[in-house]
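Letter by letter, the chains look like this.
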Amino acid sequence: MRDPMQALATCFEQVAFFFPSGNPHLQESFEQRARYLDTRNYPREKLVDALKAYHQFLGANRKTLQMIEELRRNETLVVITGQQAGIFTGPLYTLYKAMTIIRLAEEQRERLGRPVVPVFWIASEDHDWIEIHKTYFLNDKGMPFSCSLPGDGEGKSVGILPVPAWEAIEQQLLQLPDGEFRASVLRDCRRFLNQAENLAQWFALTLQWLLKKWGLILFDPLLPEFKCLAAPMYEQILKLYGDVREALFRRTEAWTQLGFSAQIQPLGGEVNLFLANPERRAILNQGHGFYLRGQDKILDNDLLPALLRKNPETFSPNVVTRPIVQEFLFPTLAYVPGPGELNYWAQLGDVFSTFGFVMPILFPRLSAVIVTPSWQKTLGKAGLTLTDVYQGLDGYKERCIRDRDSLDIEQRIRQLRSVIEKGYKELGPLEDIHANVHDWLIRNEKKVNLQIEYLRKKLWQAQRKNYSAVLEGLRVLEDGITPNKGRQERILNPLYFVILFGEGFVERIAELPLTGDFCEQKILL
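Note that the structure is predicted; figures quoted are calculated from it, not measured.

A. Seen up close, a nonpolar patch on the surface. On the surface, a nonpolar cluster with roughly 220 Å² of combined accessible area is contributed by Leu416, Leu455 and Leu459. For Leu459, a relative accessible area of 35% translates into the label partly exposed.

As structure tokens, then:
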């Protein structure tokens, strides 16, 4: 399959049809998009009032409130991204996404000469418990360990689930290294959890704290005020579900014909809305009426529209229509996706057109790997690169031990085996003693060779023990750069680095250049 990230970065003209607002690397794309947004109307007054009330509850600082107030002005545009409400903000790439919209909004504010503000859409409506219930840190030995939420999510939107008791979380964090900032960071985290009523608020308070310097605006779509604002769009989605289905099929077919994979794989009958009652279930329609996934009962045709008018908070969009609701609510100059999102956004162009919208510019998020001083030292001492670490260090570790073998273990073992083999051959004449002697010699020689192999393994085991400090340093390096054999930005929680290096660590992320191509950059601490 082709790589959409590479296509976007190196041959945009080949995929331009799927990204109608233009190449994110050209300023003229942003200027054209801004002119288009100036022709649109948005519920700015109600949106700003709701955002201000929400952020006052969160205890947002003056800079954030000023950013929100700017949204009242018709010329103000938005750079937006989103992510599930993971524990302690989830993996590092959540922070990278947020910093990308902050930096891009600052850049476009200057270049366009008009207000551009960053908005982070908290995916609180999502019921994907597996995605958010666990996060990872490194312990004082540099080994990954998890911190997870109790329960199974019950199929509900994660944003309505209550926060756990701090004691249940704190117990799991006892393995954290005793960094300079550990006590203060955990004290703040406990304060956020105690202030929060649900997982979405806990996420919002934590992310707001990490990025308080930059005035990030947070958006929780589960709040009743926002649901009321989105209700007209839900009504349109209900009416146009057939057209949306066809639009998604057309664009997906064109995308896959170019050799790309389809991230969105419809199961059939999707209306592209969920209904929570209280478990979140997909609304379906196979031509015989509306029904909920997992239930056979056909709903009365008037039931869903009536319920939408009365209780819009029970409805929520899916992966296809969430970007449509976002486009309806916000004057979106650009959306910042991760690699997987880029693939499914390419399938949505005709869906946007179905509602009379044009898809926003897609600007790839920052990608980075953090290298601590101790990891830098190990890399330098061993003469390794990050590419070597990504490819795995098992072969290097083996060579490392063998290169330190001044006693020629393997050569001596081979010499011993040669002597044994020769000795048994010299016993050949003894086969005349009895017909079974031949088999006895074969079996006996095999047993001796097994013992020699056992000896060889024990010798190497002892050799590795002699150089355990070297091997341990390499293991710590691997667990830091590729925890759980995965990419650091997809596994480790940013608070691990805040505990060790303080909030200044976040400023190091802010210093990264905006490349807009998912190319991994190094943060040397």
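B. Seen up close, the environment of Gly287. Here Gly287 is to be found in the loop between β7 (280–285) and β8 (290–292). What makes Gly287 exposed here is its relative accessible area of 61%. Placed 36 residues apart in sequence, Gly287 and Arg251 show a C-alpha to C-alpha distance of 22 Å.

C. Region of the structure containing the side chain of Thr321. Turning to its location among the elements, Thr321 is positioned in the loop between β9 (315–317) and α13 (322–329). Among the polar contacts listed, one links the side chain of Thr321 to the backbone nitrogen of Asn318, at a separation of 3.1 Å. Setting aside residues up to four positions removed in sequence, Thr321 forms contacts with Ile237 and Asn272.

D. Structural detail: the sheet that holds strand β1 (residues 77–83). As summarised here, the arrangement of the five strands in space is β5-β2-β1-β10-β11, forming an open sheet in which the pairing is parallel. Each end of this open sheet is capped by a strand with a single partner; those strands are β5 (217–219) and β11 (361–362). The pairing of β1 with strand β10 (residues 332–335) spans three bridges and is classified as parallel. Bridged to Val78 within β10 is Thr332.

E. Structural detail: helix α3 (residues 44–58). The terminal C-alpha atoms of α3, which comprises 15 residues, lie 21 Å apart, in line with the 21 Å expected from a rise of 1.5 Å per residue. What α3 keeps buried is the set Arg44, Leu47, Val48, Ala50, Leu51, Tyr54, His55 and Leu58. Along the axis of α3, the buried residues cluster in a sector spanning 165 degrees; they form a single face. Turned more than 90 degrees off the buried face of α3, the exposed positions are Lys46 and Gln56. Following α3 by one or two positions, Gly59 has its phi on the positive side, about 75 degrees.

F. Geometry of the sheet that holds β7. On the basis of which strands lie adjacent, the open sheet formed by four strands has the order β8-β7-β6-β9 and antiparallel pairing. Here the strands that pair on one side only, and so sit at the sheet edges, are β8 and β9. Strand after strand, the sheet turns through a mean of 35 degrees between neighbouring axes, direction not considered. Both strand β6 (residues 270–276) and β9 contribute to a ladder of three bridges, which runs antiparallel.

G. Inspection of the packing of helix α8 (residues 182–195) against helix α9 (residues 199–210) at higher detail. At a minimum axis separation of 8 Å, α8 and α9 run at an interaxial angle of 140 degrees. As for the relative orientation of α8 and α9, their crossing is right-handed in sense. Residues Val185, Asp188, Cys189, Phe192, Leu193 and Gln195 of α8 form the contact with α9, whose own contacting residues are Gln201, Trp202, Leu205, Thr206 and Trp209. By residue class, the composition of the contact of α8 with α9 is seven nonpolar, three polar and one charged.

H. Structural context of the pairing of strand β12 (residues 367–371). Where burial is concerned, most of β12 is hidden: five out of the five residues are buried. Every second residue of β12 is oriented toward a common face, with Ser367, Val369 and Val371 on one face and Ala368 and Ile370 on the other, all of them buried. Where β12 meets strand β13 (residues 520–524), five bridges bridge the pair, whose relative direction is parallel. Across the sheet, the residue bridging to Ala368 is Gln521, located in β13.

I. Examining the pairing of β10 more closely. Pairing analysis gives two bridges linking β10 to β11, with the strands arranged parallel. Bridging across to β11, Ala334 finds its partner in Ile361.

J. Seen up close, the pattern of salt bridges. Under the definition given, this model contains 31 salt bridges. The salt bridge involving Glu327 is made with Arg33; its shortest N-O contact spans 2.8 Å. With Glu327 in helix α13 and Arg33 in helix α2 (residues 27–37), the pair connects residues that are 294 residues apart, well separated along the chain. With relative accessibility at 0%, the residue Glu327 sits in the buried group. When its relative accessible area of 3% is taken as the criterion, Arg33 is described as buried.

What counts, and at which threshold
- Residues numbered from 1 in each chain as written.
- Predicted model: local features only at pLDDT ≥ 70, side-chain atom pairs only at ≥ 80, totals over all residues.
- Heavy atoms only, no water.
- Patch = residues over 30% accessible without salt bridge, like charges linked within 9 Å, V, L, I, M, F, W, Y side chains within 5 Å.
- Areas by Shrake-Rupley, 256 points an atom, 1.4 Å probe, with all protein chains shown as cover.
- Salt bridge = Lys/Arg side-chain N within 4 Å of Asp/Glu carboxyl O.
- Buried < 20%, exposed > 50% of the residue type's maximum accessible area, 1.4 Å probe, protein only.
- Helix = DSSP H or I, 4+ residues; strand = E, 2+ residues; numbered from the N terminus.
- Polar contact = N/O pair within 3.5 Å; in protein donor to acceptor, adjacent residues only side chain to side chain.
- Contact = heavy atoms within 4.5 Å.
- Pairing = 2+ DSSP bridges.
- Expected span 1.5 Å × (residues − 1).
- Arc of directions from axis to C-beta.
- Axes fitted to C-alpha atoms, helices over the stretch in contact; angles between N-to-C directions.
- Left-handed = near helix turned anticlockwise from the far one by under 90°.
- Nonpolar A, V, L, I, M, F, W, Y, C, P; charged D, E, K, R; others polar.

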